[in-house]
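One-letter residues, chain by chain:
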Amino acid sequence: MPELVFFSGTMDCGKSTLALQIEHNRSARGLQGIIFTRDDRAGEGKLSSRLGLVTDAVEVEDGMDPYAYVVDHLSRGGRADYVIADEAQFLAPQQIDQLARVVDDLGLDVYAFGITTDFRTKLFPGSQRLVELADRVEVLQVEALCWCGARATHNARTTGGQMVVEGAQVVVGDVNQADAVGYEVLCRRHHRRRMTAAAARAAALSPDVLPVQPA
Ligand SMILES: [Zn+2]
C-alpha cells in the first residue's frame, strides 16, 4: 500500500540528509522520483543538506498544486515512482492535502520531511496537517543536541545572539549580518529559560551570576 510518511524533527536532526539518502537508494534501483521543496538554504529549486550534498528540486510556490504538478508530469509521458517533499513545514495545509491525494489517487509513496514546531514551540500549519493526515509519523533518530548536551527538542530564533519569542513564523536566517536572525536548537529547559549557547557563555563569565534556579 502506498503511504504518506511524515519524517519530523527539529532543525539539524538530519531530515534533508535522509531525504537525499532515500532519493539515492531509490534511483540506485532504477526508480525515479519528483522532489518538492520550499525555501531551501541552498536557494530556489534545490534540496540540500548541512553535510554538503545537494540535488535539483521543484520549488513549491504559493498556490501551487503538487497533485496537479504530478498529474501533468505523468500526462506528458514523464515517470514518477515516488514523491519527496522537503521543508514540508513551509507548505500550506491545502498543499499537504494535495500530497495525500498523490498517495490515494495516483498510488505513489510520498515522503515528507519537516520541522514540527516553530521558534515559539507552536506547530507549523503544514506540519500540523501532516500529523493529521499521514499514514505514519517518524521522529528522526539522529538527535540534535542542546549546548548543555541534552537532546534538543525545540527550535530557538535569535537576534544578535539573544533568543526572541515574538515575530513572524517564517523568517529565513542570514549569516552575513551581525544582528541578523539566526536559529539554534535547544532542550526544552533551556528554551523555556531563553538560554542560548551565547547567553550561557555570558552568564558563566559574569562575576555576579546567581545560582541557576531548579527547573
Ligand atoms: Zn539544554
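Criteria and thresholds
Residues numbered from 1 in each chain as written. Predicted model: local features only at pLDDT ≥ 70, side-chain atom pairs only at ≥ 80, totals over all residues. UniProt positions renumbered as here; feature names shortened; annotations may be inferred. Core = buried A, V, L, I, M, F, W, Y, C linked by C-beta atoms within 7 Å. Buried ≥ 20, exposed ≤ 12 C-beta atoms within 10 Å, placed from the backbone. Helix = DSSP H or I, 4+ residues; strand = E, 2+ residues; numbered from the N terminus. Contact = placed C-beta atoms within 7 Å. Pairing = 2+ DSSP bridges. Axes fitted to C-alpha atoms, helices over the stretch in contact; angles between N-to-C directions. Domains from an automatic or database assignment.

Looking at an unreviewed UniProt entry, the chain carries the name Thymidine kinase, with the source organism given as Streptomyces cyaneochromogenes. Taken directly from UniProt, the Subcellular location (unreviewed entry) text for the chain runs: "Cytoplasm". The record held by UniProt for the chain lists under Subunit (unreviewed entry) the comment "Homotetramer."

A. Region of the structure containing the nonpolar core. Of all hydrophobic cores here, the largest spans 30 residues; its most connected members are Phe36, Val83, Ala85, Leu99, Val110, Ala112 and Phe113. Secondary-structure elements contributing two or more residues to this core are β1 (4-9), α1 (15-28), β2 (33-37), β6 (82-85), α3 (93-106) and β7 (109-115). If near-sequence neighbours (up to four positions away) are discounted, phenylalanine 113 is found in contact with Phe7, Lys15, Ser16, Leu18, Ala19, Ala85, Asp86 and Ala88. Grouped together as the second largest cluster of nonpolar side chains are 10 residues, Cys13, Ala156, Val185 and Leu186 included.

B. Highlighting the sheet that holds β7. The strand order across the open sheet formed by 6 strands is β5-β2-β6-β7-β1-β8, and the pairing between neighbours is parallel. Because the sheet does not close on itself, it has two edges, and the strands there are β5 (58-59) and β8 (136-139). Relative to β7, β1 runs parallel, the two being bridged by 6 bridges. Each bridged residue has a counterpart across the sheet, and for phenylalanine 7 the counterpart in β7 is phenylalanine 113. Relative to β7, α3 is tilted by about 155 degrees, and along the sheet it contacts β1, β6 and β7. Sheet strands in contact with helix α4 (residues 125-133) are β1, β7 and β8, and its direction is about 135 degrees off that of β7.

C. The arrangement of the sheet that holds strand β10 (residues 162-164) in detail. If you trace the 3 strands from one edge of the open sheet to the other, you get β10-β9-β11, paired in antiparallel fashion. Unpaired on one side and paired on the other, β10 and β11 (181-186) mark the two borders of the sheet. Direction aside, the axes of adjacent strands within the sheet are offset by 50 degrees on average. Of the pairings in the sheet, the one linking strand β9 (residues 154-159) to β10 comprises 3 bridges and is antiparallel in character.

D. View of the domain arrangement of the chain. Entries for the chain in the domain assignment read domain 1 (1-142) and domain 2 (144-206). Distance from the C-alpha centre of domain 1 to the C-alpha centre of domain 2: 26 Å. Opposite the 12 residues of domain 1 that make contact, domain 2 presents 13 residues.

E. A look at the UniProt feature "binding site: substrate" (unreviewed entry) in the chain. Those places that UniProt annotates as "binding site: substrate" (unreviewed entry) correspond, in this numbering, to Val170, Val171, Val172, Gly173 and Tyr183. Relative to the helices and strands, valine 172 is located in the loop between β10 and β11. Look at valine 172 and you get exposed, because 10 C-beta atoms sit within 10 Å. Take tyrosine 183: it is sitting in strand β11. Given 16 C-beta atoms within 10 Å, tyrosine 183 falls into the partly exposed group.

F. Up close: unusual backbone geometry. The phi dihedral of aspartate 39 falls on the positive side, at around 55 degrees, and the residue is not glycine. Following the sequence through the fold, aspartate 39 ends up in the loop between β2 and β3 (46-48). Phi at glutamate 87 is positive, roughly 50 degrees, even though this residue is not glycine. If you trace the backbone, glutamate 87 turns up in the loop between β6 and α3.

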